[in-house]
Amino acid sequence: GTTYGGYFESASPSGRGVYGQAYATSGTTHGGYFQSQSTTGIGALGWATAATGGAYGLKGQSDSTSGRGVFGLASAATGNTHGGYFESASTSGRGVYGLGSAASGITYGVYGRSDSPSGRGVYGQAVATTGDARGVFGVSNSTDGRGVSGYANAASGVADGGRFETNSSSGRGVSGYA
């Protein structure tokens, strides 16, 4: 069935559906950890319905050197499962928005990786038939950062570090700005 590990909603103009923070300076800590084993379930679903303000469906933060701000894992052996699922119905919104704002070092707006022989490190798809749609939009303000970086290290199979597709007449499969 359609099950949820957690369902979170914020109607506040500056609220958060989920806010997770890990303060540990070392170790493997998680700002938020969500998992679904259902074939049609969601590890984490966050929804912010405020029409204005800086609202988040999900916001995860980690201050640990090896932690995760948000970690999603879908471990079902069959079905259409998602470690993380992000969607925007706004005409100028983003399904996923990644920002690496460090002034120096190697930071990533979005980092995607796949170890599956037929998986994708990052898969972005814009299916709008009109408008300025993007399959994936990545931004990095770091001097050595990447707006989007995909890495697939499977030894065999059809593995993609990043695969981007758009069906829009004026959209982009990939649009990157550093």
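Please read all numbers here as calculations on a predicted model, not as lab measurements.

Student: Could you give an account of the overall build of the chain, with specific residues and numbers?
Tutor: Of regular secondary structure, the chain possesses zero helices and 13 strands. What you see in the chain, going N to C, is helices and strands ordered as β-β-β-β-β-β-β-β-β-β-β-β-β. When its C-alpha atoms are laid out on the principal axes, the chain stretches across 45 × 40 × 35 Å. Expressed as a percentage of its 178 residues, the buried residues of the chain come to 26%.

Student: Mind laying out the environment of Ala50, listing which residues take part and the relevant values?
Tutor: In this fold, Ala50 is placed in the loop between β4 (45–48) and β5 (59–62). Owing to a relative accessible area of 24%, Ala50 belongs among the partly exposed residues under this scheme. When the C-alpha positions of Ala50 and Pro13 are compared, they lie 5.2 Å apart, and in sequence the two are 37 residues distant. In this structure Ala50 touches Ser10, Ala11, Ser12, Pro13 and Ala55, once residues within four positions along its chain are discounted.

Student: Give me the environment of Glu87: which residues, what numbers.
Tutor: Here Glu87 shows up in the loop between β6 (71–74) and β7 (98–100). Put simply, Glu87 and Gly173 are 86 residues apart on the chain and 16 Å apart in space, counted from C-alpha to C-alpha.

Cut-offs and rules
- Residues numbered from 1 in each chain as written.
- Predicted model: local features only at pLDDT ≥ 70, side-chain atom pairs only at ≥ 80, totals over all residues.
- Heavy atoms only, no water.
- Helix = DSSP H or I, 4+ residues; strand = E, 2+ residues; numbered from the N terminus.
- Buried < 20%, exposed > 50% of the residue type's maximum accessible area, 1.4 Å probe, protein only.
- Contact = heavy atoms within 4.5 Å.

None of this, on its own, says anything about what the molecule does.
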